[in-house]
Amino acid sequence: MPREIDEIPIATIGEFFQRDFRGDFGALPPPETEWHCRLLFRGLADSRWALETTLERFTKETWRLTAYEDRVLRCHAAFQSHTGLHLPINREKPVTLGHTEFPEGWLEFAVRLRHFGFPSPLLDWTRSRYVAAYFAFAEAAKADNVAIYAYIERAGAKSGAGGEPRIETIWPNLVTSPRHHTQQAEYTMAHDEQEFVRHQEAFSRTLEGQDLIKKYVLPAKERERTLEVLQSMNINAYSLFHDEAGLCQSLAIQHLLLKEK
């Protein structure tokens, strides 16, 4: 029987910020000794939205791992030429991520592309509940409820049948876009032996004790209060994105929504 994601209603943003999330998952090893037990968060501006990657939203096509890897490599020369950045990729030296191999430097480049809008099979998470709350509430004006997911990769050993969909967590220590670090970002990638698959499908089929996930649902009417608290912590679009678009979004929230309370 497919595993369902637990949904937990939260009344206020204060309750969310103070919540013992690890307690919701039961007995777990401490994250300082077992890195795979660290908490990751993902905020969505509408609680009805699924856990979808930008690649899934961009095209309904199912992508083979090797085909997507090739498409990213095709972007490499143009990206370097237009940005003036030197981003080395060594196709002769593979790097193993879980059960998957990529050319050295490919993953860092793919993450950089993802942060600037290139459709990606990587689902982005953050280690900060506050950053996740920003992404949930910043664009939540038209929703009744927002959702913030909490994820722990595993409580013990991670296993699965050969060929079955699996979720890989990508280690955060990457030399890539500064946004990756200011957003405290990490990523998951769902795939079988040859193709990327939907995260929701992989979550529903993984075994007990791994890929642990909770969905917290909060009323969108908490938007103004949330953004006000986050602004006081200097968590806003400008601090998270470092560009003119982020600055303008921050100014809009400050002067049109919060009105400098």
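Notes on the structure follow. (Residues numbered from 1 in each chain as written. Predicted model: local features only at pLDDT ≥ 70, side-chain atom pairs only at ≥ 80, totals over all residues. Heavy atoms only, no water.)

### Describing the pairing of strand β8 (residues 185–191)
- The element β8 is largely enclosed, with a buried count of 7 among its 7 residues.
- Sheet analysis places strand β5 (residues 122–126) next to β8, joined by 5 bridges and oriented antiparallel. Bridging from a neighbouring strand, W125 pairs with E186 of β8.
- Two elements, strand β7 (residues 166–170) and β8, share 5 bridges in a ladder whose sense is antiparallel. (Buried < 20%, exposed > 50% of the residue type's maximum accessible area, 1.4 Å probe, protein only. Helix = DSSP H or I, 4+ residues; strand = E, 2+ residues; numbered from the N terminus. Pairing = 2+ DSSP bridges.)

### A short note on the pattern of salt bridges
- Taken as a whole and assessed by the stated rule, the structure comprises 16 salt bridges.
- Two residues, R19 and E15, come together in a salt bridge whose shortest N-O distance is 4.0 Å.
- R74 is the partner of D70 in a salt bridge, and the nearest nitrogen-oxygen pair spans 2.8 Å. Here D70 and its partner R74 are both found in helix α4 (residues 65–83), 4 residues apart, which amounts to about one turn of the helix.
- Owing to a relative accessible area of 28%, D70 belongs among the partly exposed residues under this scheme.
- On the accessibility criterion, R74 (58% relative accessible area) is exposed.
- What you see here is one network of salt bridges that share partners, running through E15, R19 and D24. (Salt bridge = Lys/Arg side-chain N within 4 Å of Asp/Glu carboxyl O.)

### What to know about the packing of aromatic side chains
- One pass over the structure, following the stated rule, counts 16 aromatic pairs.
- Ring geometry for F16 versus F21: centroids 5.0 Å apart, planes at 65°, classification edge-to-face.
- Residue class for F16 comes out buried when judged on its relative accessible area of 0%.
- Using a relative accessible area of 1% as the deciding quantity, one classes F21 as buried.
- Pairing W63 with Y68 gives two aromatic rings, centres 6.4 Å apart and planes at 85°, and the pair type is edge-to-face. Grouping residues by exposure puts W63 and Y68 together as buried. (Phe/Tyr/Trp six-rings, centres within 6.5 Å; stacked < 30°, edge-to-face > 60°.)

### Brief notes about the environment of G23
- Positionally, G23 belongs in helix α2 (residues 21–24).
- With a relative accessible area of 44%, G23 lands in the partly exposed category.
- Spatially, the C-alpha atom of G23 lies 18 Å from that of I13, the residues being 10 residues apart in sequence.

### Re a nonpolar patch on the surface
- Together, Y238, L247 and L251 make up an exposed nonpolar region whose accessible area comes to about 250 Å².
- Summarising the element assignment, L247 is placed in helix α11 (residues 244–258).
- In this structure L247 comes out as partly exposed when scored by relative accessible area, which is 34%. (Patch = residues over 30% accessible without salt bridge, like charges linked within 9 Å, V, L, I, M, F, W, Y side chains within 5 Å. Areas by Shrake-Rupley, 256 points an atom, 1.4 Å probe, with all protein chains shown as cover.)

### A word on the nonpolar core
- Ranked by internal contacts, the top residues of the largest apolar core, which has 34 residues, are F16, Y134, I148, Y216 and L218.
- Secondary structure elements with two or more residues in this core: α1 (13–18), α6 (129–137), β6 (145–154), β9 (210–219), α9 (223–232), α10 (237–241) and α11.
- Looking at this core element by element, the count peaks at 6 residues for α6.
- Not counting residues up to four positions away in its chain, the partners in contact with Y216 are I8, I10, F16, R19, F21, D24, V146, A147, I148 and A150.
- Core analysis: the next-biggest nonpolar cluster, separate from the first, contains 24 residues, V72, F79, L87 and V111 among them. (Core = buried A, V, L, I, M, F, W, Y, C linked by side-chain atoms within 4.5 Å. Contact = heavy atoms within 4.5 Å.)

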